[in-house]
Amino acid sequence: MTNKTDRLIEALKASARQDGEKDAETRAKIRAAMIKSLETLLREMPEQRAAELFADIEELASASAAKLIRRHELRPEATDHMIATRLKADALPSQKIG
């Protein structure tokens, strides 16, 4: 390859790297905005609804993530009871007809 081709390839690599960094930065900003808005929503919603949302999130999270989420300052205590009730309901044998 010629020096011109090498420089072009290096420029393309640098451009792709910059685009990737911009994409990552944009995704991080989007996540931060979502978290900020979610926390505002949690502060303003009724406690029962917030407990339901926390329970839904914890059910989807990995065990280690759920453990961290349980420590969130906005998590209502009622979430524990809600999760226990859901687990109990899931543990009951299904009552299918037919």
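Look above for the structure.
This write-up is about the structure you can find in this document.

Reading the values: rules and limits
Residues numbered from 1 in each chain as written. Predicted model: local features only at pLDDT ≥ 70, side-chain atom pairs only at ≥ 80, totals over all residues. Heavy atoms only, no water. Helix = DSSP H or I, 4+ residues; strand = E, 2+ residues; numbered from the N terminus. Contact = heavy atoms within 4.5 Å. Axes fitted to C-alpha atoms, helices over the stretch in contact; angles between N-to-C directions. Parallel < 35°, antiparallel > 145°, perpendicular 65-115°, else oblique. Left-handed = near helix turned anticlockwise from the far one by under 90°. Expected span 1.5 Å × (residues − 1). Buried < 20%, exposed > 50% of the residue type's maximum accessible area, 1.4 Å probe, protein only. Arc of directions from axis to C-beta. Salt bridge = Lys/Arg side-chain N within 4 Å of Asp/Glu carboxyl O.

Mapped onto the fold, Met-45 is located in the loop between helix 1 (3-44) and helix 2 (47-60). Spatially, the C-alpha atoms of Met-45 and Glu-77 are 15 Å apart, while their sequence positions differ by 32 residues. Sequence-distant contacts of Met-45, that is, excluding residues within four places in its chain, are made with Ala-50 and Leu-53.

A separate point is the packing of helix 2 against helix 4 (residues 78-91). Interaxial distance between helix 2 and helix 4 falls to 9 Å at its minimum, and their mutual angle equals 55°. Comparing the axis directions of helix 2 and helix 4 gives the class oblique. The two elements helix 2 and helix 4 meet at a crossing, and its hand is right-handed. Side by side, helix 2 and helix 4 meet where Glu-47, Gln-48, Ala-51, Glu-52, Phe-54, Ala-55, Asp-56, Glu-58 and Glu-59 of the first sit next to Ala-78, Thr-79, Met-82, Ile-83 and Arg-86 of the second.

This brings us to helix 4. With 14 residues, helix 4 should cover 20 Å at 1.5 Å per step; its first-to-last C-alpha distance of 20 Å lies within 8% of that length. For helix 4, the set of buried residues is Thr-79, Met-82 and Ile-83. Viewed along the axis of helix 4, the buried residues span an arc of 95°, placing them on a single side of the element. In this structure, helix 4 carries His-81, Lys-88 and Ala-91 as exposed residues pointing more than 90 degrees from its buried face. Those residues of helix 4 hidden inside the fold are in contact with helix 2.

This structure, assessed with the given rule, holds 6 salt bridges. Between Glu-10 and Lys-13 there is a salt bridge; the shortest N-O distance is 3.6 Å. One end of the pair, Glu-10, and the other, Lys-13, are both in helix 1, 3 residues apart, so they sit about a helical turn from each other. Take Lys-13: its relative accessible area is 45%, and that puts it in the partly exposed class. Notably, a salt bridge pairs Arg-86 with Glu-59, separated by 3.1 Å at the nearest N-O pair. Residue Arg-86 is found in helix 4, and its partner Glu-59 is found in helix 2; the two are separated by 27 residues along the sequence.

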